[in-house]
Structure formats: C-alpha cells, structure tokens
Amino acid sequence: MSNHYYSQKPDTAHDFEEWYFELKGKKFHFVTDSGVFSRDTVDYGSRVLIDAFEWDELPEGSILDLGCGYGPIGLSLAYASGRLVEMVDVNERAVELAQRNATRNHIETVDIHTSYIYETLHHEKYAAILSNPPIRAGKQVVHEILTEAHPRLHMGGTLTIVIQKKQGAPSAQKKMEDTFGNATIIKKDKGYYIIQSVKEE
C-alpha cells in the first residue's frame, strides 16, 4: 500500500474536501483529498512558517516550496510577495491538487510540478527555499533537504524550515549550521521551530 502523504502515488480512495482558510490577508478556497498531508485544514506548522517568512531583503529570484502538498505555503507566498514560486512534491495527487488550487484562487505566479526533493527542478538557483519537511519519511530525507539546499541558493538566499522540537528541531538546526555556517531560530510557537540559514559563501 502507498498511503503515506510522501508516497508518489497514494492508492487510497479519493475523498475530496473543500474549505476556506485565510492566509496573508487572502481567503483561499482549498480542495484537498485523502492521501495528502493535513487534508482538513492548513496545519499549524505551515501557518507559523508562512507568518514568519520575510522576502523583502532576499536577492532577486524565485522561491522554491519543497514538499508543497496541496499548496498553502507556496500559493500564499506567491500571492503576498509577487515572486514566482516553484512548488514541488513527490506526491502526484498533492501536485494535482496544488495546480487546481492555484487556478481556483487565481494565483498565476507559480510553477507546480512533481519532483523527488531536488531531482527535477526548473531553476538552477533560488532566492529562498522553504519546506515543511516530511518528518515521517525519515531523517535521511529531511537531512538531504537541508544539506542539498546550499548549492541551489543565490548568495544571500535563505533556507527556512518548520519542524517541531520533539520531531528533531535541534538535530535539524545542527545539520543546517554544519552546512551553512549559521542556523537561527527565527520563531518558536507551540513547540514548532522556524529555523533559517543564510547562504553567505
């Protein structure tokens, strides 16, 4: 069975849901389905990440939403920042939902497609990479997201993740510190840590 939200082709029966959620001052109309992460509402960690992320001082370039799910992070930041946001996920069902949600909410500055982590991207470098990493996929996958971000960022670009303390925030922060030479906790909220590294060399 392939029923995890990090599966490429979830085989659970479809069970669509529709609901509204306000992000960055816009009331988004989301459609979700079984076999995707947090199908009933925008999960709290993603909300904290969206609210904490700043783009004003980033270098020029697009943003990468890695593990986009049905789209709340990428779509809300495309709307608020006006930048192109490339949104990728290994889960084909999630990607299809994200594409539909972009159309439904009239968000055009997005490029949404399937990719296993950084395998199939459309740009060489990004101004920022954001991720609510798939903890249940295992530490190896999470650490690959963290360590392989550095060469894919413009100078001054940022990697920003959300991770719960109990699910390995200290370990993730150390891995980011080892990779980038810096890793700052920019926000803590109900056990969720927003950790950000800046590419400085």
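Residues numbered from 1 in each chain as written. Predicted model: local features only at pLDDT ≥ 70, side-chain atom pairs only at ≥ 80, totals over all residues. Heavy atoms only, no water.

This paragraph deals with the environment of Lys 175. Mapped onto the secondary structure, Lys 175 falls in helix H5 (residues 169-180). Taking relative accessible area as the criterion, Lys 175 reaches 27% and is therefore assigned partly exposed. A sequence separation of 89 residues divides Lys 175 from Glu 86, and the C-alpha atoms of the two residues are 24 Å apart. Apart from the residues lying within four places of it in its own chain, the contact partners of Lys 175 are His 143, Leu 146 and Thr 147. (Helix = DSSP H or I, 4+ residues; strand = E, 2+ residues; numbered from the N terminus. Buried < 20%, exposed > 50% of the residue type's maximum accessible area, 1.4 Å probe, protein only. Contact = heavy atoms within 4.5 Å.)

Applying the stated criterion to the full structure yields 3 salt bridges. Between Glu 148 and Arg 152 there is a salt bridge, and its shortest N-O distance comes to 3.7 Å. Judged by its relative accessible area of 33%, Glu 148 is partly exposed. Across the salt bridge formed by Lys 174 and Asp 178, the nearest N and O atoms sit 3.1 Å from each other. Placement of both Lys 174 and Asp 178 in helix H5 is noted, with a separation of 4 residues, approximately one turn of the helix. Assigned by exposure class, Lys 174 and Asp 178 land together as exposed. (Salt bridge = Lys/Arg side-chain N within 4 Å of Asp/Glu carboxyl O.)

Counting 38 residues, the largest nonpolar core has Phe 30, Phe 53, Leu 75, Met 87, Val 110 and Ile 112 as its most contacted members. A per-element tally of this core places helix H3 (residues 92-104) first, with 5 residues. For Phe 30, the residues in contact, after removing those within four places along its chain, are Glu 17, Glu 18, Trp 19, Phe 21, Leu 23, Val 42, Tyr 70, Gly 71, Pro 72, Leu 75 and Asn 101. Counting 24 residues, the second largest nonpolar core, distinct from the first, contains Leu 64, Ile 117, Leu 159 and Ile 161. (Core = buried A, V, L, I, M, F, W, Y, C linked by side-chain atoms within 4.5 Å.)

So, on to the sheet that holds strand S3 (residues 63-66). Here 7 strands make up an open sheet; going across it, the order is S5-S4-S3-S6-S7-S9-S8 and the pairing mixed. What marks the edges here is a single partner per strand, and that holds for strand S5 (110-114) and strand S8 (184-189). Ignoring which end each strand starts from, the neighbouring axes of this sheet average 15° apart. Helix H1 (residues 44-52) rests against strand S6 (126-131), strand S7 (153-164), S8 and strand S9 (192-198) of the sheet, and its axis sits at about 130° to S8. Each of S3, strand S4 (85-89), S5 and S6 touches helix H2 (residues 72-81); the most contacted strand, S4, lies at about 180° to it. (Pairing = 2+ DSSP bridges. Axes fitted to C-alpha atoms, helices over the stretch in contact; angles between N-to-C directions.)

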